[in-house]
Amino acid sequence: MEIKETAYIYRLSAGEKLAWHGRFHSHGENEFEIHFFSEGSGIFFSNKASHPISGGSLFLTSPREFHSILPDKVTSPLTYYAVLFSLSQAENSLYQLLIHPEAKRRHSARESEIPALRFILEDILKLSKSPSFHMKKSAALLLESCLYRWFGKSAAGSHGKKSRAAQSAAARQHVADALKYMERNVCESRSIAQVASSCGISEEHLIRIFKAEMQMTPYQYFTRLKIQMASLALLSSSCPVSKVASDFSFENQFHFSRVFKKCTGMAPSLYRSAYT
């Protein structure tokens, strides 16, 4: 395990911190992120779902899982810890636990447990930033122990998803090629048949292996990738929503707004005002 980034966000409500930490985004292959909210309220968006945030809420996001945070501004700003980490191929058992469909992706701590969780996460933050290899290693081991404790109980005794090794190397390479093609063409209108053709396989085969690897269809992923980039465009510019819709090859502004709201829980104009 490698802890790649840690953060402590105090009373998040608006401004540049919200635009960065709360934005609609995802992380790369083999990268997971946990968010532990010690106070405040709001909404945690994850792929198709939205979950209420309260003090003691803990969320786990998987590789390439799109997510965002919207606090209840002013009245109840959010204070939370975030830890981004990656797993190696050798850590397959932990990987399988964390992507297991029966694992509790949300963990709610009792009020009495919140201080202890804060101490644990503060230790992880402090140790992970140490120049000492051994201190960094202790942070990773502490985090690993917590992950098994938080998410292991509900998945115990269940076989769930196939191992990462269950898909052939060729299948995993086809999925990787499809992801790269989508990233290169995120501003264009591309059918899944075109994505499959770029990989040299049939559309049906791509859909099957992509869903097994990514837990969503190629269409769902490509749509969310477009929305992720469009959301950044909304926050980093003042151009009209219609122009952003056109830039990412949506049929029209209405279609863009409908898809954007489905992914983020908010209309584009509301998203822009909420996060800036």
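Computed from a predicted model, the values in this text were never measured in an experiment. (Residues numbered from 1 in each chain as written. Predicted model: local features only at pLDDT ≥ 70, side-chain atom pairs only at ≥ 80, totals over all residues. Heavy atoms only, no water.)

A short note on the nonpolar core
In a soluble, globular protein the nonpolar side chains are often hidden away together inside.
Right, so step 1: Grouped together as the largest cluster of nonpolar side chains are 54 residues, with contacts concentrated most on Phe210, Tyr221 and Phe256.
Right, so step 2: Considering every element that reaches this core, the biggest residue donor is helix α8 (residues 218-236), with 8 residues.
Right, so step 3: Among the nonpolar cores identified, the runner-up in size contains 28 residues, and Ile34, Leu94, Ile99 and Trp150 belong to it. (Core = buried A, V, L, I, M, F, W, Y, C linked by side-chain atoms within 4.5 Å. Buried < 20%, exposed > 50% of the residue type's maximum accessible area, 1.4 Å probe, protein only. Helix = DSSP H or I, 4+ residues; strand = E, 2+ residues; numbered from the N terminus.)

Focus on the side chain of Glu65
Right, so step 1: Along the chain, Glu65 falls in the loop between β5 (57-61) and β6 (67-71).
Right, so step 2: The exposure class of Glu65 is buried, given its relative accessible area of 10%.
Right, so step 3: Reaching out from Glu65, the side chain makes a polar contact with the backbone nitrogen of Ser62 at a distance of 2.8 Å. (Polar contact = N/O pair within 3.5 Å; in protein donor to acceptor, adjacent residues only side chain to side chain.)

Side note on the packing of aromatic side chains
Right, so step 1: Applying the stated criterion to the full structure yields 14 aromatic pairs.
Right, so step 2: Ring plane angle 80° and centroid distance 5.6 Å describe the contact between Phe32 and Tyr95, whose orientation is recorded as edge-to-face. Note that Phe32 is positioned in strand β2 (residues 31-39) and Tyr95 in helix α2 (residues 92-99), a separation of 63 residues in sequence.
Right, so step 3: Aromatic pair Phe44 and Phe59: ring centres 4.4 Å apart, planes at 5°, arrangement stacked. Of this pair, Phe44 sits in strand β3 (residues 42-46) while Phe59 is found in strand β5, placing the two residues 15 residues apart along the sequence.
Right, so step 4: In this structure an aromatic cluster arises from ring pairing among Phe24, Phe66, Phe210 and Tyr221. (Phe/Tyr/Trp six-rings, centres within 6.5 Å; stacked < 30°, edge-to-face > 60°.)

Topic: the packing of helix α5 (residues 169-184) against helix α7 (residues 203-214)
Right, so step 1: Remark: α5 packs on α7, axes separated minimally by 9 Å, with the N-to-C direction vectors making an angle of 90°. Taken together, the axes of α5 and α7 are roughly perpendicular relative to one another. For the pair α5 and α7, the contacting residues are Ala171, Arg172, His174, Val175, Ala178, Leu179 and Met182 in the first and Leu206, Ile209, Phe210, Glu213 and Met214 in the second.
Right, so step 2: Here the residues of the contact of α5 with α7 sort into 9 nonpolar, 1 polar and 2 charged. (Axes fitted to C-alpha atoms, helices over the stretch in contact; angles between N-to-C directions. Parallel < 35°, antiparallel > 145°, perpendicular 65-115°, else oblique. Contact = heavy atoms within 4.5 Å. Nonpolar A, V, L, I, M, F, W, Y, C, P; charged D, E, K, R; others polar.)

Re the confidence of the model for the protein chain
Low-pLDDT portions of the prediction should not be read for the details of their coordinates.
Right, so step 1: Averaged over all residues, the pLDDT of the protein chain equals 87, while 88% of them reach at least 70.
Right, so step 2: For the stretch residues 158-162, pLDDT sits under 50, and the model shows 8 contacts to residues farther than four places along the chain or on other chains. (pLDDT = per-residue confidence, 0-100.)

Looking at the pattern of salt bridges
Right, so step 1: This model, assessed by the stated rule, comprises 4 salt bridges.
Right, so step 2: Here Glu183 makes a salt bridge to Arg64, at a shortest N to O gap of 3.5 Å. Here the residue Glu183 occupies a position in helix α5, and Arg64 occupies one in the loop between β5 and β6, the gap between them amounting to 119 residues. (Salt bridge = Lys/Arg side-chain N within 4 Å of Asp/Glu carboxyl O.)

Digging into the pairing of strand β4 (residues 49-53)
Right, so step 1: With 5 bridges connecting them, β3 and β4 associate as antiparallel partners. Among the inter-strand pairings, Gly42 is bridged to a residue of β4, identified as Ile53.
Right, so step 2: Linking two consecutive strands that pair antiparallel, namely β3 and β4, is a turn of 2 residues; a positive phi of about 50° is found at Asn47 within it. (Pairing = 2+ DSSP bridges.)

A short note on the layout of surface pockets
Right, so step 1: Approximately 360 Å³ is the volume attributed to the second largest pocket.
Right, so step 2: The wall of the second largest pocket is formed by 19 residues, among which Glu29, Arg64, Leu179, Glu213 and Met214 lie closest to the centre.
Right, so step 3: Secondary-structure elements contributing two or more residues to the lining of the second largest pocket are α2, α5 and α7.
Right, so step 4: Among the residues making up the lining of the second largest pocket, the classes are represented as 7 nonpolar, 5 polar and 7 charged. (1 Å grid on protein atoms, 1.4 Å probe; cavity = no way out; pocket = protein on both sides within 12 Å on 5 of 7 lines; lining within 4 Å. Points joined across faces, edges and corners; volume = space filled by probe spheres on them.)

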